[in-house]
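Notes for the structure review
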Amino acid sequence: ENLEHRARAYFDLGQIYAGSGDHRQAINAFRKVDEIYPDDPTTLLWLAHSLQVDGQQQAAIETTQRALRIDPEDTQAEELLKQLKNPITDTGNPQP
């Protein structure tokens, strides 16, 4: 079985799950991609976002930090990490 095709299928599935709001299934799919290609920052960012939405803040931070170690100039990862470390409530005030 071609690993690249399998990874692509899991990545696409993860995007579909994330887009439909099923972040737990998205997390499972993105983790499968991560098993095949552990150094792909794009997958890590999708995974981090799904972890964040699922309330897994610390795992999202760690995953985003992994993406930044792979690509230190990734501005999307930098932005996500800032959001994760300084979450904003609906009132616009940082959470404790």
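Residues numbered from 1 in each chain as written. Predicted model: local features only at pLDDT ≥ 70, side-chain atom pairs only at ≥ 80, totals over all residues. Heavy atoms only, no water.

**With respect to the packing of aromatic side chains**
Given two aromatic rings, one states the distance between the centres and the angle between the planes to describe the pair. Stated formally: Put simply, two rings from Phe, Tyr or Trp (the six-membered ring, in Trp's case) pair if the centres are within 6.5 Å, and we call them stacked under 30 degrees between planes, edge-to-face over 60, tilted for the rest. Secondary structure is summarised from DSSP: a helix means a run of H or I of at least four residues, a strand means a run of E of at least two, and numbering begins at the N terminus for each.
Scanning all chains against the criterion turns up 3 aromatic pairs. Between Phe-30 and Trp-46 the ring centres are 5.7 Å apart and the planes differ by 40°, which places this aromatic pair in the tilted class. Pair noted here: Phe-30 is in helix α2 (residues 23-36) and Trp-46 is in helix α3 (residues 41-53), with a separation of 16 residues, a long-range link.

**Here's the deal with the nonpolar core**
Condition: As used in this record, nonpolar core signifies buried Ala, Val, Leu, Ile, Met, Phe, Trp, Tyr and Cys residues forming a set joined through side-chain atoms within 4.5 Å. Exposure categories follow from relative accessible area, calculated using a 1.4 Å probe and restricted to protein chains: below 20% of the type maximum is buried, above 50% is exposed, and the middle band is partly exposed. In this description, contact between two residues means that some pair of their heavy atoms is separated by no more than 4.5 Å.
Counting residues in hydrophobic clusters, the biggest one holds 21 residues, and the most contacted among them are Phe-30, Leu-45, Leu-47, Leu-51, Leu-80 and Leu-84. Taken together, the elements giving at least two residues each to this core come down to α1 (3-19), α2, α3, α4 (57-70) and α5 (75-85). The residues contacting Leu-51, other than those within four sequence positions of it, are Ile-27, Arg-31, Gln-56, Ala-59, Ala-60 and Thr-63.

**Some thoughts on the packing of α1 against α2**
What counts here: Inter-axis angles, ranging from 0 to 180 degrees, are taken between N-to-C directions of lines fitted to C-alpha atoms, where helices are fitted over the stretch in contact. Orientation labels follow simple angle bins: below 35 degrees gives roughly parallel, above 145 gives roughly antiparallel, 65 to 115 gives roughly perpendicular, and whatever is left gives oblique. What makes a crossing left-handed is the near helix being turned counterclockwise from the far one by less than a right angle; a clockwise turn instead makes it right-handed. Classification used: nonpolar for Ala, Val, Leu, Ile, Met, Phe, Trp, Tyr, Cys and Pro, charged for Asp, Glu, Lys and Arg, polar for all others including Gly.
Running from N to C, α1 and α2 point in directions that differ by 160°, and their axes come no closer than 8 Å. When the axis of α1 is compared with that of α2, the two are roughly antiparallel. As for the relative orientation of α1 and α2, their crossing is left-handed in sense. Two secondary-structure elements touch here, α1 through Leu-3, Arg-6, Ala-7, Tyr-10, Phe-11, Leu-13, Gly-14, Gln-15, Tyr-17 and Ala-18 and α2 through His-23, Gln-25, Ala-26, Ala-29, Phe-30, Lys-32, Val-33 and Ile-36. Tallied by class, the residues present in the contact of α1 with α2 amount to 12 nonpolar, 4 polar and 2 charged.

**Remarks on the pattern of salt bridges**
The following threshold applies: Any Lys or Arg side-chain nitrogen found within 4 Å of a carboxyl oxygen on Asp or Glu counts as a salt bridge.
Going through the model one piece at a time under the given rule, you end up with 4 salt bridges. With a closest N to O distance of 2.8 Å, Asp-12 and Arg-8 form a salt bridge. Of this pair, Asp-12 and Arg-8 are both found in helix α1, 4 residues apart, which corresponds to roughly one turn of the helix. The class for Arg-8 is partly exposed, based on a relative accessible area of 47%.

**Here's the deal with the confidence of the model for the chain**
So the rule is basically this: For every residue, the predictor states its confidence as a pLDDT score lying anywhere from 0 to 100.
In this model, the chain carries a mean pLDDT of 91, and residues with pLDDT of at least 70 account for 90%. Predicted confidence in the chain is weakest over α5, with a mean pLDDT of 93, and strongest over α2, with 97. Every residue in residues 91-96 is under pLDDT 50, and counting partners more than four places away or in other chains gives 7 contacts.

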